[in-house]
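# Descriptive analysis of the structure
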Amino acid sequence: MDNSRTSLLKPSGGYRKLRAFVIAQLCYDITVRFVELYIPKNSRTTDQMVQAARSGVQNIAEGSCASATSSRTELKLTGVACASLAELYLDYEDFLRQHEAMRWTKDHPLYKEFRRRRISTMEQFREFISWALTYDINHGKCSKQAAIVANGALLLINITRYLLNKLLQKQAEDFEQNGGFSERMMQIRLKKRKKRITVRQNGYLKIRFYNVRGVCRVRQEGAL
């Protein structure tokens, strides 16, 4: 591969390897099922929660793919993913509060067990739900399972937002150090335009220099 092309285009599209993407996608799948079971179908909250969860996933993927040619777009879309998940986080908080269900604190045994399991698949999430149903918890006006799922979703969203904030910081640092696509493209063009051509003419050595604007300067040196 041409070296100039390698330095011009950043690696992109590796979003499926990002833990933030994997957990965000799990949050989306959980949310789709959650609204089917526990939110009225005619409620605007149903669409809002699904769209917020989907936006988190899609913007991570789109930002990763756009990174090859636009660091600005990559930063913007990663930020949109963070904002969408923050909205989803509030919706789950609202559900627990409105149904007078307990939200787990860091010292709650279910909170500790959930974090210990490092859940990243739907199968692992379902196994935790089945295990947690044996506990006696304050689930307020909603079912025990709904309260457990909502709390688990909050923890997963929180993990994803933490990972995305770290990713956003890394992207910003990379932009500060290496610039964006336009800057890289200009640097490569400057290297290509800076030429030094040596010719022999009438027994003299003539050196032609081309500056960044393509303007030629000729310097004549001693006889050969």
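In what follows, the structure referred to is the one given above.
Residues numbered from 1 in each chain as written. Predicted model: local features only at pLDDT ≥ 70, side-chain atom pairs only at ≥ 80, totals over all residues. Heavy atoms only, no water.

## Regarding the overall build of the chain
- A tally of helices and strands in the chain yields 8 helices and 3 strands.
- Counted from the first residue to the last, the chain has its helices and strands arranged as α-α-α-α-α-α-α-α-β-β-β.
- Considering the chain as a whole, with its 224 residues, one finds that 38% of them fall into the buried category.
- The long-range share in the chain, meaning contacts at least 24 apart out of those at least 6 apart in sequence, stands at 61%.
- Summed over all atoms, the accessible surface of the chain reaches about 13,800 Å², with 49% contributed by carbon and sulfur. (Helix = DSSP H or I, 4+ residues; strand = E, 2+ residues; numbered from the N terminus. Buried < 20%, exposed > 50% of the residue type's maximum accessible area, 1.4 Å probe, protein only. Contact = heavy atoms within 4.5 Å. Areas by Shrake-Rupley, 256 points an atom, 1.4 Å probe, with all protein chains shown as cover.)

## Digging into helix α2 (residues 19-38)
- The terminal C-alpha atoms of α2, which comprises 20 residues, lie 28 Å apart, in line with the 28 Å expected from a rise of 1.5 Å per residue.
- Of the residues making up α2, those classed as buried are A20, F21, I23, A24, L26, C27, I30, T31, F34 and V35. (Expected span 1.5 Å × (residues − 1).)

## Looking at the environment of T78
- Mapped onto the secondary structure, T78 falls in helix α4 (residues 71-98).
- Discounting chain neighbours no more than four positions away, the residues touching T78 are L164, L167, L168 and Q171.

## Description of unusual backbone geometry
- With phi around 55°, E100 is a residue other than glycine that occupies positive phi space.
- With respect to the helices and strands, E100 occurs in the loop between α4 and α5 (109-117).
- Unusually for a residue other than glycine, R118 sits at a positive phi of about 50°.
- Mapped onto the secondary structure, R118 falls in the loop between α5 and α6 (122-132).
- Judged by its relative accessible area of 57%, R118 is exposed.

## A closer look at the nonpolar core
- Among the nonpolar cores identified, the biggest contains 50 residues, and Y92 and F128 are the most heavily contacted of them.
- Elements supplying a minimum of two residues to this core: α2, α3 (44-66), α4, α5, α6 and α7 (144-178).
- The greatest single-element share of this core, amounting to 12 residues, is contributed by α7.
- Beyond its immediate sequence surroundings of up to four residues, F128 is in contact with W104, L110, E113, F114, R117, I119 and I148. (Core = buried A, V, L, I, M, F, W, Y, C linked by side-chain atoms within 4.5 Å.)

## As for the pattern of salt bridges
- According to the stated counting rule, one finds 6 salt bridges in the structure shown.
- In this structure, K141 engages E100 in a salt bridge whose closest nitrogen and oxygen atoms are separated by 3.4 Å. Here E100 lies in the loop between α4 and α5 and K141 lies in the loop between α6 and α7, a separation of 41 residues in the sequence.
- In this structure, R116 and E113 form a salt bridge, with 2.7 Å as the shortest nitrogen-oxygen distance. With a gap of 3 residues between them, R116 and E113 both fall in helix α5, about one helical turn apart.
- It is possible to trace a salt-bridge network through shared partners that takes in E113, R116 and R117. (Salt bridge = Lys/Arg side-chain N within 4 Å of Asp/Glu carboxyl O.)

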